[in-house]
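# A structural walkthrough
Spelled out, the chains give:
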Amino acid sequence: MSSRPSRKRRWALAAGLLLLLLLWWWPSPPEPVAVVAPPEPPPAPVVVARPAPVKKKPVARKPAPPPAPVLSSQRALLRRAMEARAPDLRACPLPPGVPPTVGARIQVAQTGATRAAVLSSAQRLPRELSDCVRQRLLAWEFSDVGLTSDVEVFVDFALGR
């Protein structure tokens, strides 16, 4: 017997070896790739809604009674008292060419005493007439009117009638 294998056997052995090598080096089937989900976006910052500021409605207050009616009634009483005393001004000498009326801003204290008298006229008044009218106005006293505060009144007086 021969120690050499037959040709057919050698080819079969070579083919078997080749097959073994091929199977060994043959790429294995790809492992299934796990599908990785994309990373989740970071959660949106939590916005805590602040409650809308509550607008407080202004408290309805009863308006204080205006002092104007009191002052206007005091002024009306004071004007009537001045009209009653106006004939006293006719004693002042009235030079020719002097306007027939003169305006006066008179300040009267709560006690009734006349504090100040400022004359005004469209034309300049002669000194003797303005001094006479101012002195007589300052001499007036209104304690009988019963004022509740100091009052300032502007009055027009007719002179010489």
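Treat the numbers as computed from the prediction; the structure is a model and nothing was measured. (Residues numbered from 1 in each chain as written. Predicted model: local features only at pLDDT ≥ 70, side-chain atom pairs only at ≥ 80, totals over all residues. Heavy atoms only, no water.)

Mapped onto the fold, Ser130 is located in helix H3 (residues 127–139). Not counting the four nearest positions on each side in its chain, Ser130 is found in contact with Leu119 and Leu125. (Helix = DSSP H or I, 4+ residues; strand = E, 2+ residues; numbered from the N terminus. Contact = heavy atoms within 4.5 Å.)

Attention now moves to the packing of aromatic side chains. In total, this model carries two aromatic pairs according to the counting rule given. Judged by centre distance (6.2 Å) and plane angle (90°), the rings of Trp140 and Phe142 are edge-to-face. The structure contains a cluster of three or more aromatic residues connected by ring pairs, namely Trp140, Phe142 and Phe157. (Phe/Tyr/Trp six-rings, centres within 6.5 Å; stacked < 30°, edge-to-face > 60°.)

Attention now goes to the pairing of strand E3 (residues 151–158). Burial along E3 is one-sided: the residues Val151, Val153, Val155 and Phe157 are buried and none of Glu152, Phe154, Asp156 and Ala158 is. Direction of pairing for strand E1 (residues 101–108) relative to E3: antiparallel, over a ladder of eight bridges. Note that in E3 the partner of Ile106 across the bridge is Val153. (Buried < 20%, exposed > 50% of the residue type's maximum accessible area, 1.4 Å probe, protein only. Pairing = 2+ DSSP bridges.)

Here we take up helix H1 (residues 7–25). Relative to the 27 Å expected for 19 residues at 1.5 Å per residue, H1 spans 27 Å between its end C-alpha atoms, a close match to the ideal helical length. Within H1, only zero of the 19 residues are buried, leaving the element largely exposed. (Expected span 1.5 Å × (residues − 1).)

The next point concerns the layout of surface pockets. Here the largest pocket is characterised by a volume of approximately 190 Å³. Lining the largest pocket we find Leu119, Ser120, Ser121, Gln123, Arg124, Leu125, Pro126, Arg127, Ser130, Asp131 and Arg134. Breaking the lining of the largest pocket down by element, the ones donating at least two residues are strand E2 (114–120) and H3. Split into classes, the residues belonging to the lining of the largest pocket amount to three nonpolar, four polar and four charged. (1 Å grid on protein atoms, 1.4 Å probe; cavity = no way out; pocket = protein on both sides within 12 Å on 5 of 7 lines; lining within 4 Å. Points joined across faces, edges and corners; volume = space filled by probe spheres on them. Nonpolar A, V, L, I, M, F, W, Y, C, P; charged D, E, K, R; others polar.)

What the three strands build is an open sheet, ordered E2-E1-E3; its pairing is antiparallel. Looking along the sheet, the strands with just one partner apiece sit at the ends: E2 and E3. Each strand axis lies, on average, 25° off the axis of its neighbour in the sheet, ignoring direction. Across six bridges, the pairing between E1 and E2 is antiparallel. By the bridge assignment for E2, Val108 is matched with Thr114. The sheet contacts of H3 involve E1, E2 and E3, and relative to E2 the element is tilted by about 150°. (Axes fitted to C-alpha atoms, helices over the stretch in contact; angles between N-to-C directions.)

What follows deals with the state of the cysteines. Enumeration according to the criterion identifies one disulfide in this entry. Between the sulfur atoms of Cys92 and its disulfide partner Cys132 the distance amounts to 2.0 Å. The chirality of the disulfide connecting Cys92 with Cys132 is left-handed, given an S-S dihedral of about -85°. With a gap of 40 residues between them, Cys92 in the loop between helix H2 (68–85) and E1 and Cys132 in helix H3 connect regions that are remote in the sequence. (Disulfide = S-S within 2.5 Å.)

A word on H3. Here H3 spans 18 Å end to end across 13 residues, near enough to the 18 Å set by a 1.5 Å rise per residue. When we look at burial in H3, the residues that qualify are Leu129, Ser130, Cys132, Val133 and Leu137. Taken around the axis of H3, the buried residues stretch over an arc of 165°, which confines them to a single face. More than 90 degrees from the buried face of H3, the exposed residues found are Arg127, Gln135 and Ala139. (Arc of directions from axis to C-beta.)

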